[in-house]
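Descriptive structure summary
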Amino acid sequence: MRGKTAVLATFVVACLMTVGAAAAQTRGDARHANTSSTAASGCQLNSRGGAIKHVVYLQFDNTHYMRDDASVASDLEQMPHLLNFLKSSGTLFTNDHTILISHTAGGILSTQTGLYPDRHGVSVSNSYFYFNPSHNPTFSTAFKYWTDLVDDSTGALDPLPNMITDAQKNTPAPWVPFTRAGCDFGAISLANIELENTGTGTFGDIAEVFGNPSPELTEAVASNAAPSGTAARAKALTDFVGIAVHCAKGGGICTQNASTLANSRPDKLPDEPGGYLGYLGLFGAKYVDPAITGGNACVNDTTGSPVTDPFGQCGFPGFDGAFAKNTLGYLAQMQEAGIPITWGYISDAHDNHTSAFPAPFNPNFPRASGPGESDYVAQLKAYDDAFAAFFARLKADGIDQSNTLFMVTVDEGDKYAGGIGIPQPDGTLAYAHTNCSWTTTPACPSNQIGEVNLNIKPKLPAGPTFSIHNDSAPTFYVNGQPGRTDPVLRKLERDVFGLNAIDPYVSADPRPVFVRMADTVEEKTLHMQNSDPNRTPSFTAFGNPDYFITAGTSGPSCGSNPCIDYHFAWSHGDIQPVIATTWMGIVGPGVQKGGIDSTTWTDHTNVRPTMMTLLGLHDDYVMDGRVLIEALETQATPQALIAHRETLRRLGDVYEQVNAPFGQFADDTLTASTAAIKSTDDATYGFIEGKIESLTSQRDALAAQIRSALNAAAFDDQALNEQQAKDWIAQAKSLIDQAHALASTS
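Since this is a predicted model, take the numbers as computed values, not measurements. (Residues numbered from 1 in each chain as written. Predicted model: local features only at pLDDT ≥ 70, side-chain atom pairs only at ≥ 80, totals over all residues. Heavy atoms only, no water.)

**A short note on the overall build of the protein**
- A tally of regular secondary structure across the protein gives 22 helices and 27 strands.
- Computed over its C-alpha atoms, the radius of gyration of the protein comes to 25 Å, within 12% of the 27 Å expected for a compact globule of 746 residues.
- Across its three principal axes, the protein shows a C-alpha extent of roughly 70 × 70 × 55 Å.
- Out of the 746 residues in the protein, the part that is buried amounts to 64%.
- By sequence separation, contacts in the protein at least 24 residues apart represent 76% of the contacts at least 6 residues apart.
- Split by element, the accessible area of the protein, about 24,500 Å² in all, is 54% carbon and sulfur. (Helix = DSSP H or I, 4+ residues; strand = E, 2+ residues; numbered from the N terminus. Rg over C-alpha atoms; globule rule 2.2 N^0.38 Å. Buried < 20%, exposed > 50% of the residue type's maximum accessible area, 1.4 Å probe, protein only. Contact = heavy atoms within 4.5 Å. Areas by Shrake-Rupley, 256 points an atom, 1.4 Å probe, with all protein chains shown as cover.)

Printed below as a string of structure tokens:
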């Protein structure tokens, strides 16, 4: 979920302000034009046989292949037009996995880049803390434009990029291979490739892209100063955030006429390998809409209604308003305008995003819905209708699986927190939507919905001052940035892990709140440490996902401590399989019609190398992921990935188990880490931590060799040395066995 945070009240207000269905006011019909023949003109994709002319990449928020209630069809089952398309026309992987921390920003960014969080930079999301020069925690959001700094106000507290990769450089941008190939690249709502906010700091989104001074910055300042819950307050977000076109080499759609050229801005990527000078972009609906409609019309959704904010203003509907009809309407319009590469995000269906605004203010919305609840079912039906209209519209434009690569996935899974719904005459289930506590009278009903909110600060004994990233898997940042062996920090870790509370969905008796712990040693194993040392959490506690953990000065807003907040009921960030396991579908030229593949173990980092291979494009960095040869037809597979195919499969499998955040190696080292942290014996702690540190160092060295070889085989046609590959397989298995033995004896 993009919108949830309990850290800053201003974030909550912003979310309430920007969600909701598009208003019905019509300001002009966006033009439909069959431009598929010109969409790829100048765009030099290099797919095998030249068949692929278009790309549609979609990433859902928290949308499930597996059922959350055995009696209720899953999210994908309730979207048959999408599910059947993926199953019948391509390959649907259902044993896919996300990353840690398993939240929207990190999951999307790993998919977009093919990198784990330690190499794309957002190792904690959707917000995080960093240690300022005084070594005290300072808040930042993970959602920022690609080139923004950690400290986007002045840069003084942390001058490094939010998106940071090896050697503290800005992470290579995912649109670059496309624009270098002469392809315009359009996007809506995906993480950090469009403007994410209307912050007006020196290094914030608006100033970074439009400059200071600029008319856009002036508009943002005025908009941010307007009263909350008004059209004026929403205006800058509607105009500038969430929608962008990165224009092709030579100008592309940015130079199609004087108006679009005037609206274009330099697409600045100062650290991009190989340089990136002279490229342009259109940022925000205010400038994208006229370019893709041929005038000043609104872009229409898939029902033919204009896409607007909650106040009827044409433009970005808000991240929680990125319903399927809105996102797909934009992507279709972009394709029809000659933009062949279109990427989009679709907001979750299990939250009722009815806007709290405009007046009269309704504090009951947005809120969560339970499996089979009527509004949840209706939302999925609307999503399915949107996909039916989208596929039909593209087909009428000559854009379909014969010439288009479709890749569809999700950021992470969820754990439902709530009771069992009560069957209704229409076949839906009903849930209780009220803040409640089992310690009061009346107690929560059996069909209650909502996360268990727990403020741990008053539950802990006296100790050091700290801040946390509120979550079911909170990251802790202790003032003074003490080293991991500091005795005060070690005691806090043990105190946190020892917490017990009542989870009414599990038992009437207190049970452990947390199930696993990682300090800085294990965080490195889990790819949670990037090249900015000031962003490394002191430790991370992985909890029972029914909980939403805070550490404020007052109790939860839902009442007692703990209590249930019905506004949120779908928990992620954590390590449980229901959260870790996701799905990914591929359709298009070169893709096998393999139906459902439930056996291949894969994760988010494999999406990009597979996409790049099918398109014949090349990144300027080595990706962490591998090409999913399991989904490719032989003629679409690079020759170096065909030779020694069985050995290559075995290498790919063991590589993921030793390197992925949800692989076997990480699972076992996390078990061992927990044992070390909870131990009061310093010798035991030191021994286990030393073993994890050594194993991780060996793992990192081996993973670097394997990923370099896999990338070279996929993109440089360098044959894989089979004997070397077998040696790597043996080394990886040995590391996995050693980690398992350590977990078993800790």
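**Some remarks on the state of the cysteines**
- For the coordinates displayed, the defined rule picks out five disulfides.
- C43 shares a disulfide with C183; S-S distance 1.9 Å. Measuring the twist about the S-S bond at about 80°, one finds the C43-C183 disulfide to be right-handed. One end of the pair, C43, is in the loop between α2 (36-39) and β1 (54-60); the other, C183, is in the loop between α6 (176-180) and β5 (185-188), with 140 residues separating them in the sequence. Both residues of the pair, C43 and C183, belong to the buried class. (Disulfide = S-S within 2.5 Å.)

**Let's talk about the packing of aromatic side chains**
- Inspection of the entire model under this criterion finds 27 aromatic pairs.
- Centre to centre, the rings of F129 and F139 are 5.9 Å apart; their planes meet at 80°, and the pair counts as edge-to-face. One end of the pair, F129, is in strand β3 (residues 127-131); the other, F139, is in strand β4 (residues 137-141), and 10 residues separate them in sequence.
- The exposure class assigned to F129 is buried, which follows from its relative accessible area of 8%.
- What links up through ring pairs into an aromatic cluster is the set F60, F85, F387, F390, F391, F406 and W583.
- R535 extends its terminal NZ or CZ atom over the ring of Y128, reaching a point 4.4 Å from the ring centre. (Phe/Tyr/Trp six-rings, centres within 6.5 Å; stacked < 30°, edge-to-face > 60°. Lys NZ or Arg CZ within 6 Å of the ring centre and 35° of its normal.)

**Points about the pattern of salt bridges**
- Applying the stated rule across the entire model yields 23 salt bridges.
- A cluster of three or more residues bridged by salt bridges with shared partners is formed by R119, D166, D624 and R707. (Salt bridge = Lys/Arg side-chain N within 4 Å of Asp/Glu carboxyl O.)

**A closer look at the nonpolar core**
- With 179 residues, the main nonpolar core has F60, W175, F178, W343, L405 and L615 as its most contacted residues.
- Sorting elements by how many residues they give to this core places helix α21 (residues 682-715) first, with 12 residues.
- Residue contacts for L405: discarding those within four places in its chain leaves I52, H54, V55, V56, I586, V587, V591, M611, L614 and L615.
- Within the second largest apolar cluster, 25 residues are counted, among which are V452, L460, I468 and I549. (Core = buried A, V, L, I, M, F, W, Y, C linked by side-chain atoms within 4.5 Å.)

**Here we look at the side chain of D619**
- On the secondary structure map, D619 appears in the loop between α17 (607-615) and α18 (639-642).
- Assessed through its relative accessible area of 5%, D619 is described here as buried.

**Re helix α3 (residues 80-89)**
- Among all positions of α3, only L82, L83, F85, L86 and S89 are buried.
- Those residues of α3 that are buried are in contact with β1, β2 (90-97), α13 (374-396), β12 (404-410) and β26 (581-587).

**Regarding the sheet that holds strand β24 (residues 563-565)**
- Pairing is mixed in the open sheet, where three strands are placed in the order β23-β16-β24. Looking at the sheet topology across the chains shown, the edges are occupied by β23 (547-550) and β24. Pairs of neighbouring strands in the sheet enclose a mean axial angle of 40°, with direction left out of account.
- With three bridges joining them, strand β16 (residues 451-455) and β24 adopt antiparallel strand pairing. Within β24, the residue paired with V452 across the bridge is I564. (Pairing = 2+ DSSP bridges. Axes fitted to C-alpha atoms, helices over the stretch in contact; angles between N-to-C directions.)

**Digging into the pairing of β12**
- Buried residues dominate β12, accounting for seven of its seven residues.
- The alternating pattern of β12 places T404, F406, V408 and V410 on one face and L405, M407 and T409 on the opposite face, and all of these are buried.
- Strand direction decides the pairing type here: β12 and β26, joined by four bridges, are antiparallel. Within the sheet, the bridge partner assigned to M407 lies in β26 and is I586.

**Details of the sheet that holds strand β21 (residues 514-519)**
- Taken together, four strands build an open sheet; the order of strands is β17-β18-β22-β21 and the sheet is antiparallel. Each edge of the open sheet is held by one strand with a lone partner, namely β17 (466-469) and β21. Averaged over all adjacent pairs, the angle separating strand axes in this sheet is 25°, with direction ignored.
- Taken together, the five bridges between β21 and strand β22 (residues 539-543) define a ladder with antiparallel strand orientation. Along β22, the bridge assignment pairs D519 with F539.
- Where helix α14 (residues 487-497) meets the sheet, its contacts fall on β17, β18 (475-478), β21 and β22, and the angle it forms with β21 comes to roughly 160°.

**Digging into the pairing of β26**
- Counting buried positions along β26 gives six out of seven residues, so the element sits mostly inside the fold.
- One ladder, built from six bridges, connects β2 with β26; its direction is antiparallel. Of the residues in β26, the one forming a bridge with G90 is V587.

**Quick notes on empty space enclosed by the protein**
- For the structure shown, the criterion picks out four cavities of 30 Å³ or more.
- The wall of the largest cavity is formed by R626, V627, I629, L641, L648, R649, G652 and L710.
- For the lining of the largest cavity, the element with the most residues is helix α19 (residues 645-659), which contributes three residues.
- Residues of the lining of the largest cavity, tallied by class, amount to five nonpolar, one polar and two charged. (1 Å grid on protein atoms, 1.4 Å probe; cavity = no way out; pocket = protein on both sides within 12 Å on 5 of 7 lines; lining within 4 Å. Points joined across faces, edges and corners; volume = space filled by probe spheres on them. Nonpolar A, V, L, I, M, F, W, Y, C, P; charged D, E, K, R; others polar.)

**A short note on the packing of helix α9 (residues 231-240) against helix α11 (residues 285-293)**
- Following both chains from N to C, one finds α9 and α11 inclined at 45°, their axes separated by 6 Å at the closest point. Between α9 and α11, the interaxial angle falls into the category oblique. Across the interface between the two elements, T238, D239 and F240 of α9 pack against A285, K286 and Y287 of α11.
- The class makeup of the residues in the contact of α9 with α11 is three nonpolar, one polar and two charged. (Parallel < 35°, antiparallel > 145°, perpendicular 65-115°, else oblique.)

**So, the side chain of T111**
- Position of T111 relative to the elements: it lies in helix α4 (residues 104-113).
- Separated by 3.1 Å, the side chains of T111 and Q59 make a polar contact.
- Once you skip the residues sitting within four places of it in the chain, T111 turns out to touch Y57, Q59, T409, H604, V607 and R608. (Polar contact = N/O pair within 3.5 Å; in protein donor to acceptor, adjacent residues only side chain to side chain.)

**Some thoughts on the confidence of the model for the protein**
- Summing up the model confidence of the protein, the mean pLDDT is 93 and the portion of residues at 70 or higher is 94%.
- In the predicted structure, residues 5-40 sits below a pLDDT of 50 and forms 95 contacts with residues beyond four places in sequence or in another chain. (pLDDT = per-residue confidence, 0-100.)

**As for the environment of D620**
- Considering the arrangement of structural elements, one finds D620 in the loop between α17 and α18.
- Looking at D620, the relative accessible area reads 45%, which means it is partly exposed.
- For the pair formed by D620 and N46, sequence separation is 574 residues and the distance between their alpha carbons is 16 Å.

**A few points about the packing of helix α12 (residues 324-336) against α13**
- Between α12 and α13, the least distance of the axes is 9 Å, while the angle of their chain directions is 10°. By the angle class used here, α12 and α13 are roughly parallel. Where α12 abuts α13, its residues A324, K325, L328, G329, L331, A332, Q333, Q335 and E336 lie against Y383, A386, F387, F390, R393 and L394.
- For the contact of α12 with α13, the per-class residue count stands at nine nonpolar, three polar and three charged.

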